[in-house]
Amino acid sequence: MDRRKFLNIGAGAVVAAGFGGLTASAKAADGLADSRVTDGTIPFKKLPGGYLHYQLGEETPGPLPVRFLGTGAAGKPTPDADGFIRRHSSVLLGGKVIIDFTPTSEDMIPEGFHPEALFYTHSHGDHYNPVAALKLAPERIFLSETWAERAMGEFETASKETGLPVPPVIPLGIGDKVTIAGMTLTALPACHATSDLKEQAMIYLIEKLPVRVLYATDTAGIPAIASRLVGIDPHIKPGNPINGLIMESTMGIDGDEDFRIFCHSSAALVLRTVHMLLREGRYKPKEGQPAYITHIARSLHANQSQSQLDASLPAPLKAAYDGLEVVFGAGNDGQ
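Residues numbered from 1 in each chain as written. Predicted model: local features only at pLDDT ≥ 70, side-chain atom pairs only at ≥ 80, totals over all residues. Heavy atoms only, no water.

J.: Account for the overall build of the protein, with residues named and values stated.
T.: Regarding its fold elements, the protein presents 7 helices and 16 strands. Split into buried and exposed, the 335 residues of the protein put 56% on the buried side. For the protein, the exposed area adds up to about 13600 Å²; of that, 54% sits on carbon and sulfur atoms. (Helix = DSSP H or I, 4+ residues; strand = E, 2+ residues; numbered from the N terminus. Buried < 20%, exposed > 50% of the residue type's maximum accessible area, 1.4 Å probe, protein only. Areas by Shrake-Rupley, 256 points an atom, 1.4 Å probe, with all protein chains shown as cover.)

Shown next, in the form of structure tokens:
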């Protein structure tokens, strides 16, 4: 699809919104400056470093409620020995924003609910489904600029199939921020690959100050650029610590030698990450709050059921499950 055509379909003609600018990569594409927004009604400003900040409301103080709509990896969701079903990984933030969504989680959404925004980490089928997205009818969709053009074509195809409209699709660059529904999400690079080697998968920092939660799936560890943008890289002077961590554990506690380590994390890697961040003062959870693992592939965990995971995971790790609701607070202040 021609980029100029892409930028003028869907929500309407592209205009330079607010007083924003672009990353160098976006400016280079066809020489079209200020063209990353497919809906000219979205205000944004340019941050130091060339990052964009889309401002769709004001951030409000925490705490931050998170509901797990799905905690599984690719494959058909089936009940475990305890009757727990692991749908494809998806979370609902503050009751208004969703990260990733497939048909497996449709039964987790109340009838008539439409999120203010749907964010995607990447385009794998256990995270991204255009038809399911259109049925969900989010007000806006955010995803990486590296595959936005392809996604727009897939949404248009899904629209013809279903007769449903395509909401505005907003491409994000690494480091870009979106303030919506009282919280701010920052797009961060993941260590993950799809069949499109130009696609950059993403993880997200979710802030509802003073609460800061890192949502990291799918990724093989936390890349250095992501850790620096968040402020948790011990190489740099201390920044704001994170208060919550939700990290993928495709492999189990003994799965570090699985070939999927190039794109995914194991429970042991998550545990080492947590220990290091605690030691360095970059992770300060509310007292008693676990670090949650998600994107759990049962075939790659020796202890497959929820009760087995609960019994086998070392503290402070805890296996999230579908329907689990967690309220993240800041530090030990109980907020």
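J.: Go over the nonpolar core, please, and point to the residues and values.
T.: The nonpolar side chains of a soluble globular protein tend to be buried, and buried together. The biggest cluster of nonpolar side chains holds 35 residues, and the ones touching the most others in it are F68, L93, I99, F119, L172 and F328. Within the second largest apolar cluster, 26 residues are counted, among which are L271, I296, L309 and A319. (Core = buried A, V, L, I, M, F, W, Y, C linked by side-chain atoms within 4.5 Å.)

J.: Provide a residue-level description of the sheet that holds strand β12 (residues 211–216), including the pertinent values.
T.: Pairing within the open sheet is mixed, and its 9 strands lie in the order β1-β2-β9-β10-β11-β12-β13-β14-β15. In the strand order of this sheet, the two ends are held by β1 (44–46) and β15 (317–319), each with one partner. Looking at each pair of strands side by side, their axes are set apart by 20 degrees on average, direction ignored. (Pairing = 2+ DSSP bridges. Axes fitted to C-alpha atoms, helices over the stretch in contact; angles between N-to-C directions.)

J.: Help me get a handle on helix α4 (residues 148–162), residues and values and all.
T.: With 15 residues, α4 ought to run about 21 Å at 1.5 Å a step, and its terminal C-alpha atoms sit 20 Å apart, in line with that. Burial in α4 covers these residues: A148, A151, M152, G153, F155, A158 and S159. Count one or two residues on from α4 and you reach G163, which has phi positive near 75 degrees. (Expected span 1.5 Å × (residues − 1).)

J.: So, the sheet that holds strand β4 (residues 90–93): which residues are in play, and what are the values?
T.: Ordered in space as β8-β7-β6-β5-β4-β3-β16, the 7 strands form an open sheet in which the pairing is mixed. Since the sheet does not close on itself, it has two edges, and those belong to β8 (169–172) and β16 (325–328), each with one partner. Direction aside, the axes of adjacent strands within the sheet are offset by 25 degrees on average. Alignment of strand β7 (residues 141–144) against β8, held across 4 bridges, turns out to be parallel.

J.: Kindly report on the packing of aromatic side chains, identifying the contributing residues and their values.
T.: For the structure on display, the rule yields 11 aromatic pairs. On the numbers, 6.4 Å between centres and 55 degrees between planes, the contact of Y54 with F142 is tilted. Of the two residues, Y54 is situated in strand β2 (residues 52–56) and F142 in strand β7; the sequence distance between them amounts to 88 residues. Accessibility expressed as a relative area gives 0% for Y54, which makes it buried. Ring plane angle 15 degrees and centroid distance 4.6 Å describe the contact between F119 and F142, whose orientation is recorded as stacked. In this pair, F119 sits in strand β6 (residues 117–119) while F142 sits in strand β7, placing the two residues 23 residues apart along the sequence. Each member of the pair, F119 as well as F142, is classed as buried. (Phe/Tyr/Trp six-rings, centres within 6.5 Å; stacked < 30°, edge-to-face > 60°.)

J.: So what's going on with the environment of S307? Which residues, and what values?
T.: In this fold, S307 is placed in helix α7 (residues 306–312). For S307, a relative accessible area of 40% gives the class partly exposed. Between the alpha carbons of S307 and D82 there is a distance of 7.1 Å; along the sequence they are 225 residues apart. Polar side-chain contacts of S307 include one of 3.3 Å to the side chain of S305. (Polar contact = N/O pair within 3.5 Å; in protein donor to acceptor, adjacent residues only side chain to side chain.)

J.: An account of the environment of A190 is requested, with residue identities and associated values reported.
T.: Structurally, A190 is set in the loop between β10 (183–189) and β11 (202–208). Measuring from C-alpha to C-alpha, the distance between A190 and A201 comes to 5.3 Å, with 11 residues separating the pair along the chain. Discounting chain neighbours no more than four positions away, the residues touching A190 are Q200, A201, M202, I203, D218, T219 and P223. (Contact = heavy atoms within 4.5 Å.)

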